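# A look at the structure
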Amino acid sequence: MAASSRRNPPPLPGAENQDPLSEMADEDSDEGEDIFVGNSNPVAEAFQPDTANGEEPADLFSEAETSTAANSYITNSKSNGVHSDNENDLFAEVSVELSMENPSTTAKSSGAEFTPSLTLSATQPESMEQLEEEKDEDSFDMEVAVTNPEKIGDGMNAYMAYKVSTRTTLPMFRNRTFSVWRRFSDFLGLYEKLSVKHSLNGCIIPPPPEKSVVGMTKVKVGKDDSSSADFVERRRAALERYLQRVVCHPSLLQDPDVREFLERDELPRAVGTHTLSGAGFLKMINRASDAVSKMTIKISDSDAWFDNKLQEVESEELQLRKLHAVVDSLVNHRKELCGNTAVFAKSMAMLGNSEDNTALSRALSQLAEVEDKMETLHQEQAASDFFILAELLADYIRLLGAVRGCFEQRMKTWQRWQEAQSTLQKKREVEAKLLWANKPDKLQQAKEEITEWEGKVTQYERDFDRISVTVRKEFLRFEKEKSNDFKSQIVKYLESLLQSQQRHVKFWEAFLPEAKAIA
Amino acid sequence: MTSTIDDSDKEKALSVSVDLNNDTSLLIDIPDALCERDKVKFTVHTKTTLSSFQKPDFSVPRQHEDFIWLHDALVETEDYAGLIIPPAPPKPDFESPREKMHKLGEGEATMTKEEYTKMKQELEAEYLAVFKKTVQVHEVFLQRLSSHPILSKDRNFQIFLEYDQDLSVRRKNAKETFGSFFKNMVKSADEVIISGIKEVDDFFEQEKTFLLDYSSKIKDSTARAEKMTRSHKNVADDYIHISSTLNSLSVDDNTALKKCKYKSVFLEGRVASDQELKLTELLRYYMRDIQAAKDLLYRRARTLADYENSNKALDKARLKSKAVAAAEEQQQQCLQRFNKLSESGKRELTSFKGRRVVAFRKNLIEMAELEIKHAKVGQTGDSLLIDILLSQLKVYLWMYFKAYL
């Protein structure tokens, strides 16, 4: 395929020259953007040889806009002179193939393809087969679930324990399926450990769900109502998503702490996760000082990629927050609608009772029942609104925060390098002054210091390069995961909408003959 | 802003009452209406074969206050005491959309152009819906008058239809308004007393109980229905916000997603406004109608009270043997009035019942059919979008594979 043959193979991690990486990354991100910006015809767009024909994308877009049916995208790409029929058939094959696949698998196995062993093949069918083979090899490595929340203990010392079950084919684990009991502070402890180890490398570490003193106190006190049940369910789902993200991350999965978390029967109680502990306060202070230093650092980066991405991330976070607020209001309004419908149904029933025409009376009672059913529908819809949309948005707002943290780490590394450089410069100046003043003993010391600092400068520079590569890689992986996540959640949401509409139709169709029977 | 109503809209809008223009000798409609700030000017168009009118086909401009004048004139006419006078159309209320429009204007700076345009469109649609509703309600009032055998011949009604000058000279001045307010108060006091009177006729006894009960229930239902449709509108508005915020997200938006949200919005908004039109309007209309029926009952009950009083007066007179003849005549008159009212009242109430049942039936059927239609449209729309999204998801994943080859 024209496009792929022009692409460079993915660079080895820690490659010295960043140019091919950036070029490829740019192509990649451009593609990502092109696919998503207002185009319902992603296939045709994908086949687009990227920068060469600037005119083409515009035409494709205009063509694409007019197609609404799912099947027409194949015909559209046919009409574009660049592609051959061969490619369309290939695509059709692949889409069938992929339909049997779980999105999370493909995300994971693509991560595994960051290996230098991949060779570029000239003919498409071969590369496709190779691709499928590798997919099959590591298809379904890892599955984690968080279930069965149970209240352990009583009173203020009570806590919820969750069952963490893992099913895996990876060799590094002792068994294929196993489960352990964990509590919320264990999850937080895991996050702390991973942060300490990996954030300096520039990894994006998925943040856990937030602590909630109010929610937990209600549960502890033993209030057995729907709000505390809701809270526990929310937390369980959030913990599950958190763990899934952790195991999807190729380097985090290798971490022994993660393995311990999943496997070990008894985990030492994680200290320093309690809000009012000393460690908690220390964390808050650190965060405050970080915030201050953040404002003063500004990298004069030769690579604009990072700047652009950071800006994108920040604006996206803003949008997501706005969206989250609106979805929240949607959930509330729907709950209100629920309540109002229930009340209306009751009053309709009473009206039906006092109606003296029997047929009309029956019809009105039926109407009351239909409205009652509508209320149930609305309630379920509200739940799905919340669990599917609102939580997704909240998760990603937190994740974007983590991404920003990642970029900040890189900035800190850069700053350290710059500071080392300036220290080195100062030492050199001192040396020059000593030379001129001719003090041989101090000169020796100065020379030693210079060598020491030169070493540091080189090391920090290497650190900086390394973290830049990692951040870039992580960011791309994150983007991919995010799009998949969003898409699959939206599909879930649409499906729930669809279902509710089907039931909507059923209810009203049942009512119609009653209305017609009024005489 | 000028709005005109075309026939198809009217057809749909004429949802509450049924078959009012049966008698072709007097056909009334409101083909045109103008909305200027607070005032709505209706063009009342009459087509008649009756000789009592000067021309066979004519139109006059009328304001809402003119309708109220006509209604009050009919209510005050002694001869019509035994009839159910169709309830007066409510004042056109553009408060809600106007308030929203105002808020929208204030918040214009904070939202994107697209969102603003969309919200504006929704508001304009709401405005139009209120407008259509008020025209319909006024039209129905006139049509009920024209289809009533007795009321259609009323002199004031004729003046209303024909008089091509401004009617304001005949309308209430401030003193009269105050007077009617006072009268209303007296009437409410009367109602309390009169509902305690023992009824002589079974039919009326039943009707009274039924109407009292029904009217309170229907008031309750109307209020709840209004609340429900308002919540529904809120949900629809939220969907608008969501779709416009999705638009501004640059990374994972795509036209299918946007379409999905638009469709949901549209659907929710449309369902809300259709429910509003059908069910709530039905309830509201019958709430007022039932009040009119109750008024008839009260008038009749008052004549019964008068009759009883005159009986007592006659007895007293007989006792004192003073002015017996006058008391007797008074008593006869009261009895006559009472009987006349009872007779026509019975007729009216029976036909009212029939009308109500038919109207409810028509409305409920239409409402159910609309709900089904909309849900089905939403279904196909959603399933189509799910298909698009799923296939896009697959394509997208595949693309990322290719990228790393």
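Here, the structure is the one placed above.
Summarised in this report is the structure supplied together with it. Treat the numbers as computed from the prediction; the structure is a model and nothing was measured. (Residues numbered from 1 in each chain as written. Chains lettered and ligands numbered in written order. Predicted model: local features only at pLDDT ≥ 70, side-chain atom pairs only at ≥ 80, totals over all residues. Heavy atoms only, no water.)

## Thoughts on the overall build of chain A
Put simply, the test is: A run of H or I in DSSP becomes a helix once it reaches four residues, and a run of E becomes a strand once it reaches two; helices and strands are each numbered from the N terminus. Each residue is placed in one exposure class: buried if its accessible area under a 1.4 Å probe, protein chains only, is under 20% of its type's maximum, exposed if it is over 50%, and partly exposed if it falls in between. Contacts are assigned to residue pairs that have any heavy atoms within 4.5 Å of one another. With residues, only the protein chains shown are counted as cover, and all accessible areas are computed by Shrake-Rupley using a 1.4 Å probe.
If you tally the helices and strands in chain A, you get 17 helices and three strands. When each of the 519 residues of chain A is scored for burial, the buried share is 48%. Sequence-distant contacts in chain A: of pairs separated by 6 or more residues, those separated by 24 or more amount to 73%. When the accessible surface of chain A is split by element, carbon and sulfur atoms take 53% of a total near 25,600 Å².

## Regarding the overall build of chain B
Check the secondary structure of chain B and you find nine helices and four strands. Each helix and strand of chain B, ordered N terminal to C terminal, gives the series β-α-β-β-β-α-α-α-α-α-α-α-α. Counting only residues that meet the buried cut, chain B has 54% of its 405 residues in that class. In chain B, the share of contacts with a sequence separation of at least 24, taken over all contacts with a separation of at least 6, comes to 75%. Roughly 19,100 Å² of accessible area belongs to chain B as shown, and the carbon and sulfur atoms make up 55% of that amount.

## Here's the deal with the packing of helix α2 (residues 64-76) of chain B against helix α5 (residues 155-162) of chain B
All names here are of chain B. Going by this rule: Each axis is a line fitted through C-alpha atoms, and for a helix only the stretch in contact is used; angles between axes span 0 to 180 degrees, taken between their N-to-C directions. Any angle that falls under 35 degrees is termed roughly parallel, while one over 145 is termed roughly antiparallel, one within 65 to 115 roughly perpendicular, and all others oblique. Here is the rule for handedness: rotate from the far helix to the near one, and if that takes an anticlockwise turn smaller than a right angle the crossing is left-handed, while a clockwise turn gives right-handed. Charged means Asp, Glu, Lys or Arg here, nonpolar means Ala, Val, Leu, Ile, Met, Phe, Trp, Tyr, Cys or Pro, and polar covers whatever is left, Gly included.
Where α2 meets α5, the axes come as close as 9 Å, and the angle between the chain directions of the two elements is 165°. The pairing of α2 with α5 is recorded here as roughly antiparallel in orientation. Read as a crossing pair, α2 and α5 show a hand that is left-handed. Seen from α2, the contacting residues are D66, F67, W69, L70 and A73; seen from α5, they are N156, F157 and F160. Considered class by class, the residues forming the contact of α2 with α5 number six nonpolar, one polar and one charged.

## Looking at the sheet that holds strand β2 (residues 159-168) of chain A
Residue and element names in this part refer to chain A. Filter applied, for reference: In this analysis, strands are considered paired if DSSP registers two or more bridges between them.
An order of β1-β2-β3 is seen for the three strands of this open sheet, with the pairing classed as antiparallel. Looking at the sheet topology across the chains shown, the edges are occupied by β1 (142-152) and β3 (177-183). Strand-to-strand twist in this sheet, taken as the mean axis angle between neighbours without regard to direction, amounts to 20°. Examined bridge by bridge, β2 and β3 share seven bridges and lie antiparallel to one another. From the neighbouring strand, T166 faces β3, where its bridge partner is F178. Seen against the sheet, helix α9 (residues 184-198) touches β1, β2 and β3 and runs at an angle of roughly 100° to β3. Against the sheet, helix α13 (residues 256-263) makes contact with β1, β2 and β3, and its axis sits at roughly 90° relative to β3, the strand it touches most.

## Let's talk about the packing of aromatic side chains
Residue and element names in this part refer to chain B. Going by this rule: Here a Phe, Tyr or Trp ring, Trp counted by its six-membered ring, pairs with any other such ring whose centre lies within 6.5 Å, and the pair is stacked when the planes are under 30 degrees apart, edge-to-face when over 60, and tilted otherwise.
Scanning the entire structure with this criterion turns up 21 aromatic pairs over all chains. An angle of 70° between the planes, with centres 5.5 Å apart, marks the rings of F42 and F67 as edge-to-face. Highlighted residues: F42 in strand β3 (residues 39-48) and F67 in helix α2, separated in sequence by 25 residues. With respect to class, F42 is no different from F67; both count as buried.

## Some words on the nonpolar core
Note the following rule: Buried Ala, Val, Leu, Ile, Met, Phe, Trp, Tyr and Cys residues form a nonpolar core when they are joined through side-chain atoms within 4.5 Å.
Membership of the largest hydrophobic core comes to 96 residues, with the highest contact counts inside it found for A:W508, B:L283 and B:L364. Of all the elements in the fold, those that place two or more residues in this core are α15 (304-354), α16 (358-437) and α17 (440-516) of chain A together with α7 (202-248), α8 (255-320) and α9 (324-403) of chain B. Of the residues forming this core, the biggest block, 27 residues, is contributed by α16(A). Those residues in contact with B:L283, other than ones at most four positions away along the chain, are A:F344, A:M348, A:L351, B:I218, B:S221, B:T222, B:A225 and B:F360.

## A word on the side chain of A:R236
By the element assignment, A:R236 lies in helix α11 (residues 226-248). Sequence-distant contacts of A:R236, that is, excluding residues within four places in its chain, are made with A:V146, A:T147, A:P149 and A:Y162.

## Regarding the pairing of strand β2 (residues 26-36) of chain B
Inspection of the sheet shows β2(B) paired to β3(B) by nine bridges, in the antiparallel sense. Within β3(B), the position partnered with B:L26 by the bridge is B:T48.

## Quick notes on the pattern of salt bridges
All names here are of chain A. This is how it is decided: Throughout this description, the term salt bridge denotes a Lys or Arg side-chain nitrogen within 4 Å of a carboxyl oxygen of Asp or Glu.
Inspection of every chain in the model, using the stated rule, returns 35 salt bridges over all chains. K482 is the partner of E479 in a salt bridge, and the nearest nitrogen-oxygen pair spans 3.6 Å. One end of the pair, E479, and the other, K482, are both in helix α17, three residues apart, so they sit about a helical turn from each other. What you see here is one network of salt bridges that share partners, running through R234, R241, R245, E391, D395, R398 and D485.

## A word on α16(A)
Residue and element names in this part refer to chain A. Spelled out, the test is: To estimate the expected span of a helix, subtract one from its residue number and multiply by 1.5 Å. Here the bend at each residue means the angle between axes fitted to two seven-residue stretches, the one ending at that residue and the one beginning there. Polar contact criterion, stated in full: a pair of N or O atoms within 3.5 Å, where within protein one must be able to donate a hydrogen and the other to accept it, and residues adjacent in sequence count only if both atoms are side-chain atoms.
Between its first and last C-alpha atoms α16 spans 116 Å; for 80 residues at 1.5 Å apiece the expected length is 118 Å, and the two agree. Along its length, α16 reaches its greatest deviation from straightness, about 30°, at F386. Backbone nitrogen of A359 and a side-chain oxygen of the N-cap are separated by 3.0 Å at the start of α16; the cap is N357. Backbone geometry just after α16 places N438 at a positive phi near 60°.

## Observations concerning the side chain of A:S347
The topology assignment puts A:S347 in helix α15. Setting aside residues up to four positions removed in sequence, A:S347 forms contacts with B:D220, B:S221 and B:R224.

## A word on the packing of α2(B) against helix α4 (residues 113-147) of chain B
Residue and element names in this part refer to chain B. Two elements in contact, α2 and α4, have axes separated by 11 Å at closest approach and are oriented at 35°. The hand of the α2/α4 crossing is left-handed. Contacts between α2 and α4 involve H64, F67, L70, H71 and L74 from the first element and H138, F141, L142 and L145 from the second. Along the lines of polarity and charge, the residues of the contact of α2 with α4 split into six nonpolar, three polar and no charged.

## A closer look at the environment of A:V144
All names here are of chain A. Examined against the element boundaries, V144 turns out to sit in strand β1. Along the backbone, V144 and S179 are 35 residues apart, and their C-alpha atoms lie at a distance of 9.3 Å. If sequence neighbours within four positions are ignored, V144 has contacts with S165, T166, E240, L243, Q244, V247 and L262.

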